[in-house]
Amino acid sequence: MKLFANTKHIRFGWGGLLMAVVLGWAAIGCEEQDLDRTFAGPYFVRFTDTTLTFRESYNQIVPIRVHNVGPVLTEAIRINYTISGTAREGRDYAIQGEKGVVVIPANKSFGQINIRLINNANNILESQSLTFTLTGVSPASLQVGLAPSGALGRSMRFTINDDCLFGGTYTGTSRIGNQNFTYQNIDISSTDCKQYILSNWNIGIPFFNFDAIKPTLRFVDNGDNTITVPAQTNAELGSTDTLRGNGAWNPRDRRITLNLQFKLRLTNNRDTTLSYTQTYTPQ
């Protein structure tokens, strides 16, 4: 009787195992079916970004991208939009091309609104904003935004941060001996419109086997279009009182000129003082 009971128990265990295998395959089959499901619409257009922020001194065209969430169409997609907010057209920004319409070309997935920022820096650090809202789309097979309210991707907020008078991106040039040196994309920034940080004054210095890579420089706006470069330490230069100078800002073309003096340690361990002039032109 004991053996029979054990045999019966074993038969029941195999049946449970078989049932578990069947249920497992059924679960796998359902999972494969779920994996085979693809988005079937409704297809819609939306802003690629929900927010963007730029300084007013940014001097390149800013693309605000709109894309088609769906199959690529063989015809152009025209999307209408409105603009609201505190930024002033013609004083803070300008739209390049047809205003109020963005086009996704045929056989493409993206179109863009091109906005150019106007730098009216006045040392007042505030910000303005724009809200772009998609209002309609053609062809009618598409809709604007997703979800029952069409809210997803329908709007985007663009913030323009005010900049200081000297803030922005510059091209720096210097002349050392009989050679000219140029470096682009040098950033000048400030948090109080009085003390500034220049991201790289290392223009032409590698000519003298100078090892510092993109060293920064601090300078002060004196408030009368003149500039002071206070004595400052730069760890890459290896001296406690290495760099100093003066300069000027031209309000007509916003060009900055710096007259710098700094000590340079030569290979014979002797120090020499190098003086030269740099010019920074807004890009």
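Model, not experiment: these values are computed from the prediction.

Novice: Lay out the pattern of salt bridges in plain terms, naming residues and giving numbers.
Specialist: A side chain of one charge can pair with a side chain of the opposite charge when the charged atoms of the two come close. Considering all chains together, one arrives at five salt bridges under this definition. In this structure, arginine 55 and aspartate 163 form a salt bridge, with 3.3 Å as the shortest nitrogen-oxygen distance. Pair noted here: arginine 55 is in strand 2 (residues 51-55) and aspartate 163 is in the loop between strand 10 (155-161) and strand 11 (168-176), with a separation of 108 residues, a long-range link. Accessibility expressed as a relative area gives 27% for arginine 55, which makes it partly exposed. On the basis of relative accessibility, which here comes to 3%, the residue aspartate 163 falls in the buried class. Taking the shortest distance from any N to any O, the salt bridge between arginine 55 and aspartate 187 comes out at 2.5 Å. Taken together, the residues arginine 55 in strand 2 and aspartate 187 in strand 12 (residues 179-190) connect sequence positions 132 residues apart. Through salt bridges that share partners, Arg55, Asp163 and Asp187 make up one connected network.

Novice: Any details on the sheet that holds strand 9 (residues 143-144)? Residues and values, ideally.
Specialist: Ordered in space as 5-7-3-1-9, the five strands form an open sheet in which the pairing is mixed. The sheet terminates laterally at strand 5 (93-96) and strand 9, the two strands that pair on one side only. The pairing of strand 1 (residues 44-47) with strand 3 (residues 62-69) spans four bridges and is antiparallel. Among the inter-strand pairings, valine 45 is bridged to a residue of strand 3, identified as asparagine 68.

Novice: How would you summarise the nonpolar core if you had to cite specific residues and measurements?
Specialist: Core analysis: the biggest nonpolar cluster contains 28 residues, and Phe166, Trp201, Phe219 and Ile256 have the highest contact counts within it. Of all the secondary-structure elements, those providing two or more residues to this core are strand 11, strand 12, strand 13 (195-198), strand 14 (217-221), strand 15 (226-234), strand 16 (239-250), strand 17 (255-265) and strand 18 (271-282). Counting residues per element, this core draws most heavily on strand 17, at four residues.

Novice: Residue-level account of unusual backbone geometry, with values.
Specialist: Following serine 138, the chain continues to proline 139 via a peptide bond in cis, the omega torsion being 15°. A positive phi is found at asparagine 123, a non-glycine position, where the angle reads about 65°.

Calculation criteria
Residues numbered from 1 in each chain as written. Predicted model: local features only at pLDDT ≥ 70, side-chain atom pairs only at ≥ 80, totals over all residues. Heavy atoms only, no water. Salt bridge = Lys/Arg side-chain N within 4 Å of Asp/Glu carboxyl O. Helix = DSSP H or I, 4+ residues; strand = E, 2+ residues; numbered from the N terminus. Buried < 20%, exposed > 50% of the residue type's maximum accessible area, 1.4 Å probe, protein only. Pairing = 2+ DSSP bridges. Core = buried A, V, L, I, M, F, W, Y, C linked by side-chain atoms within 4.5 Å.

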